[in-house]
Amino acid sequence: LRQSQVEINRLTWEQKLERSRESVTWLKVRNDELPLHKICSDTNTVLDQLRSFIDNNINHDLQQTDELDMTALHVLCLNPKATPDMFKLLVNACPQAASMHAEMVRNDGDRNFIHETQEMVTPIKLWLKMKG
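Caption draft 1: Here's a closer look at the side chain of Asp 66. Within the element layout of this structure, Asp 66 appears in the loop between α4 (47-56) and α5 (72-78). Within the local environment of Asp 66, its side chain forms a polar contact with the backbone nitrogen of Met 70, the two atoms lying 2.9 Å apart. Setting aside residues up to four positions removed in sequence, Asp 66 forms contacts with Arg 30, Asn 31, Leu 34, His 37 and Val 75.

Written as structure tokens, this is what we have:
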């Protein structure tokens with residue numbers, strides 16, 4: 001067994017549950033300090049909201065990355081409700097973001113992310129992976 005699998009197997013059920021809760025909490029608040037990322041991750045966001053933010057925040061760094069090295073465009077690619085017009089708007093506002101890489105951790109089907117592989121992905125590659 002790999003070291004990480006052994007460590008997870010030693011956790012009690014309560015510890016595993018707490019770890020899961022901490023992960024969910026982190027996912028919910030990780031973009032609180034990144035307003036464009038937060039807009040792009042919100043499944044209720046519409047094109048006009050995205051356009052308004054970009055138009056009203058001219059000095060905002062559209063290439064800014066989060067803790068996972070994801071730009072707002074990466075985050076938008078993960079949003080199942082994002083529309084092609086939203087992608088077009090964001091890419092036109094910051095074409096450089098389309099070629100920026102973020103590290104993606106993928107597991108091999110194990111719910112505990114034991115068999116992780118890492119690869120660098122561009123937003124387009126990420127979007128294609130999400131669409132299957």
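Caption draft 2: Just the state of the cysteines, in detail. Under the defined criterion, the tally for this structure stands at 0 disulfides. With no disulfide of its own, Cys 40 has Cys 77 as its nearest cysteine by sulfur position, at a separation of 9.2 Å. For Cys 40, a relative accessible area of 1% gives the class buried.

Caption draft 3: Spatial organisation of the environment of Arg 51. In this fold, Arg 51 is placed in helix α4. A residue is classified by how much of its surface remains accessible, and Arg 51, at 33% relative accessible area, is partly exposed. The spatial distance from the C-alpha of Arg 51 to the C-alpha of Leu 89 is 7.2 Å, given a sequence separation of 38 residues.

Caption draft 4: Focus on the packing of α4 against helix α6 (residues 84-93). Running from N to C, α4 and α6 point in directions that differ by 10°, and their axes come no closer than 9 Å. Relative to α6, the element α4 is oriented roughly parallel. Contacts between α4 and α6 involve Leu 47, Leu 50, Arg 51 and Ile 54 from the former and Asp 85, Met 86, Leu 89, Leu 90 and Ala 93 from the latter. Of the residues belonging to the contact of α4 with α6, the class tally is 7 nonpolar, no polar and 2 charged.

Caption draft 5: How the structure looks around α4. Of the residues making up α4, those classed as buried are Leu 50, Phe 53 and Ile 54. Considered in projection along α4, the buried side chains sweep an arc of 95° and stay on one side of the axis. With respect to the buried face of α4, the exposed residues turned more than 90 degrees away are Asp 48 and Asn 56. Of the surrounding secondary structure, the elements contacted by the buried residues of α4 are α3 (35-41), α5 and α6.

The rules behind each value
- Residues numbered from 1 in each chain as written.
- Predicted model: local features only at pLDDT ≥ 70, side-chain atom pairs only at ≥ 80, totals over all residues.
- Heavy atoms only, no water.
- Helix = DSSP H or I, 4+ residues; strand = E, 2+ residues; numbered from the N terminus.
- Polar contact = N/O pair within 3.5 Å; in protein donor to acceptor, adjacent residues only side chain to side chain.
- Contact = heavy atoms within 4.5 Å.
- Disulfide = S-S within 2.5 Å.
- Buried < 20%, exposed > 50% of the residue type's maximum accessible area, 1.4 Å probe, protein only.
- Axes fitted to C-alpha atoms, helices over the stretch in contact; angles between N-to-C directions.
- Parallel < 35°, antiparallel > 145°, perpendicular 65-115°, else oblique.
- Nonpolar A, V, L, I, M, F, W, Y, C, P; charged D, E, K, R; others polar.
- Arc of directions from axis to C-beta.

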